[in-house]
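# Reading the structure
Each chain, written out:
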Amino acid sequence: MSISKIGVAGCGLMGAGIAHTCARAGFTTFVTDKNQEILGKGINRIFSFIDKGIEKGKATLEERRTVEKNLTGVDKLEELIDCDLIIEAVPEVFQIKADIFQNLNNILPARCIFASNTSSLKISNLAEISGRKDKFVGIHFFNPVPVMNLTEVIKIEATKPEVFAEVLTFIKAIGKTPIVCQDSTGFVVNRLLTPYLLDAVRAFEARLASVTDIDTAVKLGLGYPMGPLTLIDYVGVETVHHTSEIMENEYHLPQYCPPALLRRMMDKGWLGKKSGKGFYVYSSTGAVGNDDELTALMK
Ligand code: NAD
């Protein structure tokens, strides 16, 4: 396989998880973020995730050493110059991603493959603007990346077959199961997941039950491992909002229309677990339903 050095652009929730997963599998990995504080925090989060795993017997000291050896945080896109594959994990906003790919195209040698971790943007549109559409794919990971085995992989018409074959080999080498999806907004999982998550928000807006009880209903009644409102907090309120807006614009179907409460939560900075508050309020002692503040926000 010609892919051995990976560059990850964005060290937020997904970028940190992707960088961790690549480094753990033995790939030399560079991760960058435009915000140095977030970069430092993202790298710290990777090691505290591993340390917690070691305490629980789910990770080993050897994994920690492998990640320490293979992972480097860098502060400029220019430092990704030797990479064979760049995985972009910056916010779900077309222009932010387009700017990154255009910059990367100017910096990186022609052999480097570009991948986007977008949840809902069309890969062909990003590829077109990247200046190297024959070496462009979608690799959609799931959160938390070190744990979740699925990746949706998207080949567009312009992607060279040998590039796609390399990418599939790489995905298997990092221990993930690829499914090959068409380049359609939301791919498979978000087409199914987004209406479900938005319906849970609508259920709360209609005061069908409390935050905790809506989650409990789904866990105990449907056997899902996590409730939908907890899941939104984990994914990020703004990411769910951006994804549903993009899908609504594409499909013009009411099930993708983001409920007003999500927008109001974004405006307040209640982005979910990463900001300490969303449908739940998070503290060192656990999470409690944020019902009162959310109810006030709906007025
Ligand atoms: P996030 O906000 O946690 O992280 C994005 C990071 O990108 C931030 O740290 C930000 O500082 C950084 N960034 C912004 N502009 C940049 C630039 N020009 N150069 C370098 N870094 C820059 O978001 P996230 O949840 O990690 O989502 C990232 C992408 O992954 C989105 O496209 C999202 O749709 C997709 N995704 C998210 C999930 C999820 O569960 N959150 C799942 C699958 C895919």
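Here the structure is a predicted model, which means the values were calculated and not measured.

### Remarks on helix 4 (residues 94–107)
Helix length check: helix 4, at 14 residues, gives a terminal C-alpha distance of 20 Å against a target of 20 Å (1.5 Å per residue), a fit within 8%. Those residues of helix 4 that sit buried are Lys 97, Ala 98, Ile 100, Phe 101 and Leu 104. Angular distribution of buried residues about the axis of helix 4 spans 165°; they occupy a single face of the element. Residues of helix 4 that are buried in the fold lie against strand 1 (5–9), strand 4 (85–88), strand 5 (113–116), helix 5 (123–130) and strand 6 (136–140).

### Let's talk about the pairing of strand 10 (residues 286–289)
In this sheet, strand 10 lies alongside strand 9 (residues 280–283) in antiparallel orientation, the contact comprising four bridges. Within the sheet, the bridge partner assigned to Tyr 282 lies in strand 10 and is Ala 287. The antiparallel pairing of strand 9 with strand 10 creates a hairpin that spans two residues between the two strands.

### Digging into the nonpolar core
Counting residues in each nonpolar core, the largest one holds 37 residues, and the members touching the most others are Ile 6, Ile 18, Val 31, Leu 85, Ile 87, Phe 141 and Phe 170. Every element with two or more residues in this core is listed here: strand 1, helix 1 (13–24), helix 2 (36–56), strand 4, strand 5, strand 6 and helix 6 (161–173). With residues near it in sequence (within four places) discarded, Ile 18 still touches Val 8, Ile 87, Ala 89, Asn 117, Phe 141 and Val 145. Listed in part, the 24 residues of the second largest apolar core include Phe 30, Leu 126, Ile 156 and Phe 187.

### Quick word on the sheet that holds strand 4
Strand order across the open sheet formed by eight strands is 3-2-1-4-5-6-7-8, with mixed pairing between neighbours. Each edge of the sheet is formed by a strand with only one pairing partner; in this case those strands are strand 3 (71–74) and strand 8 (177–181). Along the sheet, successive strands turn relative to each other by an average axial angle of 25°, direction set aside. Examined bridge by bridge, strand 2 (residues 28–32) and strand 3 share four bridges and lie parallel to one another. Note on strand 3: the bridge partner recorded for Val 31 is Gly 73.

### Quick word on the environment of Gly 269
Within the secondary structure, Gly 269 is located in the loop between helix 11 (260–268) and strand 9. In the structure, Gly 269 is positioned 26 residues away from Thr 243 in sequence and 17 Å away in space, judged by C-alpha atoms.

### Comments concerning a nonpolar patch on the surface
A contiguous nonpolar surface patch, about 260 Å² in accessible area, is contributed by Phe 49, Val 147 and Met 148. Mapped onto the elements, Met 148 comes out in the loop between strand 6 and strand 7 (150–155).

### Remarks on the side chain of Ser 120
Along the chain, Ser 120 falls in the loop between strand 5 and helix 5. A polar atom in the side chain of Ser 120 sits 2.6 Å from the side chain of Glu 92. In this structure Ser 120 touches Glu 92, Thr 185, Gly 186, Thr 243, Ile 246 and Met 247, once residues within four positions along its chain are discounted.

### Comments concerning the domain arrangement of the protein
Annotation of the protein at the domain level lists domain 1 (5–181) and domain 2 (189–297). Look at where the C-alpha atoms of domain 1 and domain 2 centre, and you get two points 26 Å apart. Listed as interface residues are twelve residues of domain 1 and, on the opposing side, nine residues of domain 2. Here domain 1 and domain 2 share an interface that buries about 820 Å² over both sides, 60% of which is from carbon and sulfur atoms. Considering only the surface of domain 1 that becomes buried against domain 2, Leu 13, Glu 92 and Ser 120 emerge as the three largest contributors, covering 42% of it. For the pair domain 1 and domain 2, the number of links is one salt bridge. Ionic pairing is found between Lys 122 and Glu 250, a salt bridge with its closest N-O pair at 3.3 Å. Across the domain 1-domain 2 interface, the total number found is four residue pairs in polar contact (both at pLDDT 80 or more). Grouping the amino acids of the side of domain 1 that touches domain 2 by side-chain chemistry returns five nonpolar, four polar and three charged.

### What to know about a positive patch on the surface
Judged by side-chain charge, Lys 52, Lys 56, Lys 58 and Lys 273 come together as a positively charged surface patch. Position of Lys 52 among the secondary structure elements: in helix 2.

### Quick notes on the pattern of salt bridges
Once their charged atoms are close, side chains differing in charge can pair, the charge on each being opposite to the other. Enumeration according to the criterion identifies 16 salt bridges in this entry. For the salt bridge of Lys 41 with Glu 37, the shortest nitrogen-to-oxygen distance reads 3.3 Å. You can see Lys 41 and its partner Glu 37 sitting in helix 2, four residues apart, about one turn around the helix. In this pair, the class of Lys 41 matches that of Glu 37, namely exposed. Among the ionic contacts, a cluster of salt bridges with common partners joins Asp 51, Arg 64 and Glu 68.

### Examining the site of the ligand
Residues in close proximity to the ligand total 23 residues, the closest being Met 14, Asp 33, Glu 92, Lys 97 and Ser 119. The separation between an oxygen atom of the ligand and a polar side-chain atom of Ser 119 is 2.7 Å. In the model, an oxygen atom of the ligand is placed 3.2 Å from a nitrogen or oxygen of the Lys 274 side chain. For the ligand, whose accessible area on its own is 840 Å², the fraction buried by protein is 88%. Every element with two or more residues in the shell around the ligand is listed here: helix 1 and helix 4.

The rules behind these values
Just so you know, the residues in each chain are numbered from 1, in the order the chain's sequence is written. Two thresholds apply to this predicted model, a pLDDT of at least 70 for residue-level local features and 80 or more for giving and counting side-chain atom pairs, whereas whole-chain, interface and lining totals are computed over all residues. Note that water and hydrogens are dropped before the side-chain values are worked out from all heavy atoms of the structure. Where helices and strands are cited, they refer to DSSP runs of H or I of at least four residues and of E of at least two residues respectively, numbered from the N terminus. Any helix carries an expected span of 1.5 Å times its number of residues minus one. Exposed residues in this analysis have more than 50% of their type's maximum accessible area, buried residues have under 20%, and partly exposed residues fall in between, with area computed by a 1.4 Å probe over protein chains only. This arc describes the spread of directions from the helix axis toward the C-beta atoms. In this description, contact between two residues means that some pair of their heavy atoms is separated by no more than 4.5 Å. Any two strands are treated as partners once DSSP identifies two or more bridges connecting them. As used in this record, nonpolar core signifies buried Ala, Val, Leu, Ile, Met, Phe, Trp, Tyr and Cys residues forming a set joined through side-chain atoms within 4.5 Å. Each axis is a line fitted through C-alpha atoms, taken for helices only over the stretch in contact, and angles between the N-to-C directions span 0 to 180 degrees. Patches were defined on residues exceeding 30% relative accessible area and lacking a salt bridge, with like-charge contacts within 9 Å and nonpolar side-chain contacts (Val, Leu, Ile, Met, Phe, Trp, Tyr) within 5 Å. Each accessible area is a Shrake-Rupley estimate made with a 1.4 Å probe; only the visible protein chains count as cover when residues are assessed. In the sections that follow, a salt bridge refers to a side-chain nitrogen of Lys or Arg positioned within 4 Å of a carboxyl oxygen of Asp or Glu. Any N or O atom pair separated by 3.5 Å or less is treated as a polar contact, with the protein-specific requirement of one donor-capable and one acceptor-capable atom, and with residues adjacent in sequence counted only for side-chain atom pairs. For each domain, the first and last residues come from an automatic or database assignment. By convention, the term buried area covers the 1.4 Å-probe accessible surface removed from two parts as they join, with the contributions of both added. Three categories are distinguished: nonpolar for Ala, Val, Leu, Ile, Met, Phe, Trp, Tyr, Cys and Pro, charged for Asp, Glu, Lys and Arg, and polar for the others, with Gly belonging to the last. The charged-residue count follows a simple rule in which Lys and Arg add positive charge and Asp and Glu add negative charge, with His and chain termini not counted at all. In this description, the location of a charge corresponds to atom NZ of lysine, CZ of arginine, CG of aspartate or CD of glutamate. Residue proximity to a molecule or strand is established when one non-hydrogen atom of the residue lies within 4 Å of it.

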